[in-house]
Amino acid sequence: MQTTCRPRATGSACQPGAPAAPWRRVRAAGAALLALALAGCGAADNDGAAGTAADADTAAVAGSASVPVGALPGNDLAGALDRLNAARAVARTCGTTPMPAVAPLRWNAALEQAAIGHSEWMQANNTFSHTGAGGSSVGTRATAAGYPWKSVGENIAAGQPDVARVIAAWLASPGHCMNIMHADFVDVALALKPGTSSNTYRTWWTLDFGRPQ
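Here goes a summary of the coordinates provided. (Residues numbered from 1 in each chain as written. Predicted model: local features only at pLDDT ≥ 70, side-chain atom pairs only at ≥ 80, totals over all residues. Heavy atoms only, no water.)

## Comments concerning the overall build of the protein chain
Here is step 1 of the chain: Helix and strand counts for the protein chain come out as five helices and nine strands.
Here is step 2 of the chain: Start at the N end of the protein chain and walk to the C end: the helices and strands fall as β-β-β-α-β-β-β-α-α-β-α-α-β-β.
Here is step 3 of the chain: Residues classed as buried in the protein chain amount to 51% of the 213 residues present. (Helix = DSSP H or I, 4+ residues; strand = E, 2+ residues; numbered from the N terminus. Buried < 20%, exposed > 50% of the residue type's maximum accessible area, 1.4 Å probe, protein only.)

## Focus on the packing of aromatic side chains
Here is step 1 of the chain: With the rule as written, the count across this model stands at three aromatic pairs.
Here is step 2 of the chain: A network of ring pairs unites the aromatic residues Phe-128, Tyr-201 and Trp-204 as a single cluster. (Phe/Tyr/Trp six-rings, centres within 6.5 Å; stacked < 30°, edge-to-face > 60°.)

## Remarks on unusual backbone geometry
Here is step 1 of the chain: In this structure, Asn-126 takes a positive phi of about 50 degrees despite not being glycine.
Here is step 2 of the chain: Among the structural elements, Asn-126 can be located in the loop between α2 (109-125) and α3 (138-144).

## Overview of the pattern of salt bridges
Here is step 1 of the chain: As enumerated under the stated definition, the model contains four salt bridges in all.
Here is step 2 of the chain: Close ionic contact of Asp-187 with Arg-106 constitutes a salt bridge, the shortest N to O distance being 2.4 Å. With Asp-187 in strand β8 (residues 187-194) and Arg-106 in strand β6 (residues 106-107), this pair connects stretches of sequence that are 81 residues apart.
Here is step 3 of the chain: Residue classification places Arg-106 among the partly exposed residues on the basis of a relative accessible area of 48%.
Here is step 4 of the chain: Among the ionic pairs, Arg-211 bridges to Asp-184, the shortest N-O distance being 2.9 Å. Here the residue Arg-211 occupies a position in strand β9 (residues 203-212), and Asp-184 occupies one in the loop between α5 (174-180) and β8, the gap between them amounting to 27 residues.
Here is step 5 of the chain: The class of Arg-211 is partly exposed, set by a relative accessible area of 26%. (Salt bridge = Lys/Arg side-chain N within 4 Å of Asp/Glu carboxyl O.)

## Section: the nonpolar core
Here is step 1 of the chain: Core analysis: the biggest nonpolar cluster contains 18 residues, and Trp-170, Ile-180, Val-188, Leu-190, Trp-205, Leu-207 and Phe-209 have the highest contact counts within it.
Here is step 2 of the chain: Among the secondary structure elements, those contributing two or more residues to this core are α1 (77-88), α4 (163-171), β8 and β9.
Here is step 3 of the chain: Excluding its chain neighbours within four sequence positions, the residues that come into contact with Leu-207 are Leu-84, Gly-153, Glu-154, Asn-155, Trp-170, Ile-180, Val-188, Ala-189 and Leu-190.
Here is step 4 of the chain: With eight residues, the next largest nonpolar core counts Val-138, Ala-142, Tyr-147 and Val-152 among its residues. (Core = buried A, V, L, I, M, F, W, Y, C linked by side-chain atoms within 4.5 Å. Contact = heavy atoms within 4.5 Å.)

## Some remarks on the side chain of His-118
Here is step 1 of the chain: One can find His-118 in helix α2.
Here is step 2 of the chain: Within the structure, the side chain of His-118 is placed 2.7 Å from the backbone oxygen of Ser-129, a separation counted as a polar contact.
Here is step 3 of the chain: Sequence-distant contacts of His-118, defined by excluding residues within four places in its chain, comprise Ser-129, His-130, Thr-131, Gly-132, Arg-141, Glu-154, Ile-156 and Thr-206. (Polar contact = N/O pair within 3.5 Å; in protein donor to acceptor, adjacent residues only side chain to side chain.)

## A few points about the pairing of β9
Here is step 1 of the chain: Here β9 lies mainly inside the structure; eight of its ten residues are buried.
Here is step 2 of the chain: Where strand β7 (residues 149-158) lies against β9, nine bridges are found, and the strand directions are antiparallel. Bridge pairing in β9 places Gly-153 opposite Phe-209.
Here is step 3 of the chain: Relative to β9, β8 is paired through eight bridges, and the arrangement is antiparallel. Bridge pairing links Leu-190 to Leu-207 in β9. (Pairing = 2+ DSSP bridges.)

## Topic: α2
Here is step 1 of the chain: With 17 residues, α2 should cover 24 Å at 1.5 Å per step; its first-to-last C-alpha distance of 24 Å lies within 8% of that length.
Here is step 2 of the chain: Residue Asn-108 occupies the N-cap position of α2, its side-chain oxygen lying 3.0 Å from the main-chain nitrogen of Ala-110. (Expected span 1.5 Å × (residues − 1).)

## A short note on the environment of Gly-139
Here is step 1 of the chain: Of note, Gly-139 is situated in helix α3.
Here is step 2 of the chain: When the C-alpha atoms of Gly-139 and Lys-150 are compared, they prove to be 9.6 Å apart, with eleven residues separating the residues in sequence.
Here is step 3 of the chain: For Gly-139, the residues in contact, after removing those within four places along its chain, are Trp-149 and Val-152.

## Overview of α4
Here is step 1 of the chain: For α4, the set of buried residues is Val-163, Val-166, Ile-167, Ala-169 and Trp-170. With its buried residues spanning 155 degrees around the axis, α4 presents them on a single face.
Here is step 2 of the chain: Its side-chain oxygen 3.4 Å from the backbone nitrogen of Ala-164, Asp-162 forms the N-cap of α4. (Arc of directions from axis to C-beta.)

These results come straight from atomic positions and should not be treated as a statement about function.
This is the structure we're talking about:
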């Protein structure tokens, strides 16, 4: 999970809540970043947050064409938005942090382009990180895609075979859950890049959130 908020006039940075995992705080372009990522096979990102164990069906599959999430069986784009909004409609506890029910998200085409690009980059480089092409972050990718943001966030995952299981995995992880339940976010997009037989994971997921300026 990565959340980036432009500093307020007071100099404070918005955050999704008290961290329930050992997040590393860094500074980039004057914004506070909190990063946490989720992968199959017990993978961990370089913030030291271990991912969930993969299902047995996370082996790579053939086919590497760029496709929207709705193009693969079991991966319905409209259904993904419905699942995210159903999750936000119910108060829940993310780790040990109570999160109230919040307003539904709307799909955003610019964030979709940013998410697609990052999933494609992770798959092409067989890597798993919020840091993307040319050292990009979720904030710089959203800006490049034409999204004028006040705050942005990102969940990534790899290996989960369908929308239902990747969202369930994110909701079971405190930091990712807090991004999904973050009241500041109003826009969202999800992208899936299938892996190939040479990849570590079968799927590469990017979920981008935002609030426009």
